[in-house]
There are 2 protein chains.
Amino acid sequence: MICMTDLCTTSALRLIQVAEDFRAGLSGEFSAVHGISVNEFLLLLHLERATANRLSRVDLAKRMHVSASTITRMAAPMEKIGLVGREVDDRDARLVFVVATVTGREKLSQSLATFSKRAGYLFSNRWEDEELDQFSEMLRRMIGGTGDTLA
Amino acid sequence: MICMTDLCTTSALRLIQVAEDFRAGLSGEFSAVHGISVNEFLLLLHLERATANRLSRVDLAKRMHVSASTITRMAAPMEKIGLVGREVDDRDARLVFVVATVTGREKLSQSLATFSKRAGYLFSNRWEDEELDQFSEMLRRMIGGTGDTLA
DNA sequence: GCAAAATGCTTGCATGTGCAAGCGATTCGC
DNA sequence: GCGAATCGCTTGCACATGCAAGCATTTTGC
């Protein structure tokens, strides 16, 4: 018996599986070719797509579904190797923004090319343009409307 | 300029984001209501859907995109609380299969209900049945054809 | 104005995970 | 058959991460 519940469940399972497959493949190439993790890539991407190209640590944490302490500990080595820097807020001394350096933006650009290549593998030669359009639009509708989105 | 590459990239980013949003929400409810992690749930689900309802540790590792040592360390506490047991292979003494106990299957059943409920939230009231059908079929095509699939 | 609550960030501790090494069992090459 | 290579699993170590506590700063309630 196929009912709506089953279809939702199956779709959600497939969604998780496809995302994890893709991410697992990405992980190897990222560390080998670019020397960064997928999460570090996503951190740089969040910065690039944020207003003013900078984000506080708690904002980053919410967008990346990790704790604030993880952001602190992710940013430290990225500062050390010059991918990101920090900016303080004039009005609120508690805020410490994370900003991408020029080096960080270059790293993001190179990593994004790898990402796009693999994204192409994931879809290409299987789907019509129209199908992909529709798929992308469906996913857009599934992302929460907070606006703090990557795509 | 919108080209195929951009569309693939955007779709892949959205795919990852939706999957992580969903998984993050699931994680809290699973630990609070069922006392298991999402990965433990997925381990039980892999067992349920495997032929003979059992899998070796390396098979589990491949299907779950984790290392073999992680399976060893995940299975140990699950054995302790009676969710899974172990079976040895008569012909190959190296193989130690992981099998779900009755308790484990009950836990899976309850957890799957939570999963389905949240999967329903993810899709329901937004999509037509036909759209969801198509979405599910698209995801099916994106899963590698090894057959070791959950859905 | 000021104390209390809230906010942003960091740190200590516990847990989860991957990698490499090690051990026992099996298969391969000859 | 037998040694070497392979395979399945486990363990030591290092690293990543969440939670709770702590500190500094800001906002709130009065």
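Residues numbered from 1 in each chain as written. Chains lettered and ligands numbered in written order. Predicted model: local features only at pLDDT ≥ 70, side-chain atom pairs only at ≥ 80, totals over all residues. Heavy atoms only, no water.

Next up on the list: the sheet that holds strand β1 (residues 54-56) of chain B. Residue and element names in this part refer to chain B. Taken together, the three strands give an open sheet; going across it, the order is β1-β3-β2, and neighbouring strands pair in antiparallel fashion. This sheet does not close on itself; its edge strands, each paired only once, are β1 and β2 (84-88). Each strand axis lies, on average, 35° off the axis of its neighbour in the sheet, ignoring direction. Relative to strand β3 (residues 96-100), β2 is paired through five bridges, and the arrangement is antiparallel. The partner of Val84 across the bridge, within β3, is Ala100. (Pairing = 2+ DSSP bridges. Helix = DSSP H or I, 4+ residues; strand = E, 2+ residues; numbered from the N terminus. Axes fitted to C-alpha atoms, helices over the stretch in contact; angles between N-to-C directions.)

Right, let's get into the confidence of the model for chain A. Here chain A averages 92 in pLDDT, and 94% of its residues register 70 or above. Element-level pLDDT for chain A is lowest in helix α6 (residues 129-142) of chain A, with a mean of 90, against a maximum mean of 98 in strand β3 (residues 96-100) of chain A. (pLDDT = per-residue confidence, 0-100.)

Turning next to the relation of the copies chain A and chain B. A rotation about an axis combined with a shift along that same axis relates the two copies of the chain. Here chain A sits on chain B after a turn of 180° about the axis and a move of 0.0 Å along it, with an RMSD of 0.0 Å. This pairing of chains is accounted for by a two-fold axis. In this assembly the copies share their binding face: 100% of the residues contributing to the interface of chain A also contribute to that of chain B. (Least-squares fit on C-alpha atoms with pLDDT ≥ 70 in both. Contact = heavy atoms within 4.5 Å.)

Bringing the interface of chain A and chain B into the picture now. At the interface, 51 residues of chain A touch 51 residues of chain B. Interface area, chain A with chain B, both sides summed: about 5,400 Å², of which 68% is carbon and sulfur. Among the residues chain A hides against chain B, the three largest losses belong to Leu13, Arg14 and Met142 of chain A. Together they make up 13% of the total. Two residues, Arg23 of chain A and Glu20 of chain B, come together in a salt bridge whose shortest N-O distance is 2.1 Å. (Buried area = accessible area lost by both parts, 1.4 Å probe. Salt bridge = Lys/Arg side-chain N within 4 Å of Asp/Glu carboxyl O.)

A few words on the pattern of salt bridges. Residues and elements named next belong to chain B. All chains considered together, the criterion is met by 18 salt bridges over all chains. Of the charged contacts in the structure, one is a salt bridge between Glu29 and Lys117, with a shortest N-O distance of 2.5 Å. Of this pair, Glu29 sits in helix α1 (residues 4-34) while Lys117 sits in helix α5 (residues 102-123), placing them 88 residues apart in sequence. For Glu29, a relative accessible area of 15% gives the class buried. By relative accessible area, which is 36% here, Lys117 ends up partly exposed. (Buried < 20%, exposed > 50% of the residue type's maximum accessible area, 1.4 Å probe, protein only.)

A few words now on the environment of Arg86 of chain A. Residues and elements named next belong to chain A. Assignment of secondary structure puts Arg86 in strand β2 (residues 84-88). Beyond its immediate stretch of four places on either side in the chain, Arg86 contacts Arg57, Glu79, Val96, Phe97 and Val99. A polar contact is formed between the side chain of Arg86 and the side chain of Glu79, at a distance of 3.1 Å. (Polar contact = N/O pair within 3.5 Å; in protein donor to acceptor, adjacent residues only side chain to side chain.)

To continue, consider the protein's contact with DNA strand C. Close to DNA strand C lie 23 residues; Val58, Thr72 and Arg94 of chain A together with Ser67 and Thr70 of chain B are nearest. In DNA strand C, the atoms that sit within 4 Å of the protein are 59% sugar and phosphate, with bases accounting for the remainder. Asn39 of chain B places a side-chain nitrogen or oxygen 3.1 Å from a phosphate oxygen of DNA strand C. Here a base oxygen of DNA strand C sits 2.9 Å away from a polar atom, N or O, in the side chain of Arg73 of chain B. Where the surface near DNA strand C is concerned, the elements lending two or more residues are α3 (57-64) and α4 (68-80) of chain A together with α4 (68-80) of chain B. (Near = heavy atom within 4 Å.)

With respect to the helices, strands and loops of the structure, Ser111 of chain A is situated in helix α5 (residues 102-123). Exposure remark for Ser111 of chain A: the relative accessible area of 0% places this residue in the buried category.

Here we come to the packing of helix α3 (residues 57-64) of chain B against α4 of chain B. All names here are of chain B. It is the contact of α3 with α4, at a shortest axis distance of 9 Å, that shows an interaxial angle of 110°. As the angle between them shows, α3 and α4 are arranged roughly perpendicular. Note on element contacts: α4 touches α3 through Ala68, Ile71, Thr72, Met74, Ala75 and Glu79, opposite Arg57, Leu60, Ala61 and Met64. (Parallel < 35°, antiparallel > 145°, perpendicular 65-115°, else oblique.)

Where like charges cluster on the molecular surface, the negative patch consists of Glu128, Asp129, Glu130 and Asp133 of chain A. Summarising the element assignment, Asp133 of chain A is placed in helix α6. (Patch = residues over 30% accessible without salt bridge, like charges linked within 9 Å, V, L, I, M, F, W, Y side chains within 5 Å. Areas by Shrake-Rupley, 256 points an atom, 1.4 Å probe, with all protein chains shown as cover. Lys, Arg positive; Asp, Glu negative; His and termini not counted. Charge placed at Lys NZ, Arg CZ, Asp CG, Glu CD.)

What follows covers the protein's contact with DNA strand D. Near DNA strand D, the surroundings consist of 23 residues, among which Ser67 and Thr70 of chain A together with Val58, Thr72 and Arg94 of chain B are the closest. In this structure, Arg73 of chain B approaches DNA strand D through a side-chain N or O atom, which is 3.0 Å from a base oxygen. Here Val96 of chain B contributes a backbone N or O atom positioned 2.9 Å from a phosphate oxygen of DNA strand D. The class makeup of the residues in the surface near DNA strand D is seven nonpolar, eight polar and eight charged. (Nonpolar A, V, L, I, M, F, W, Y, C, P; charged D, E, K, R; others polar.)

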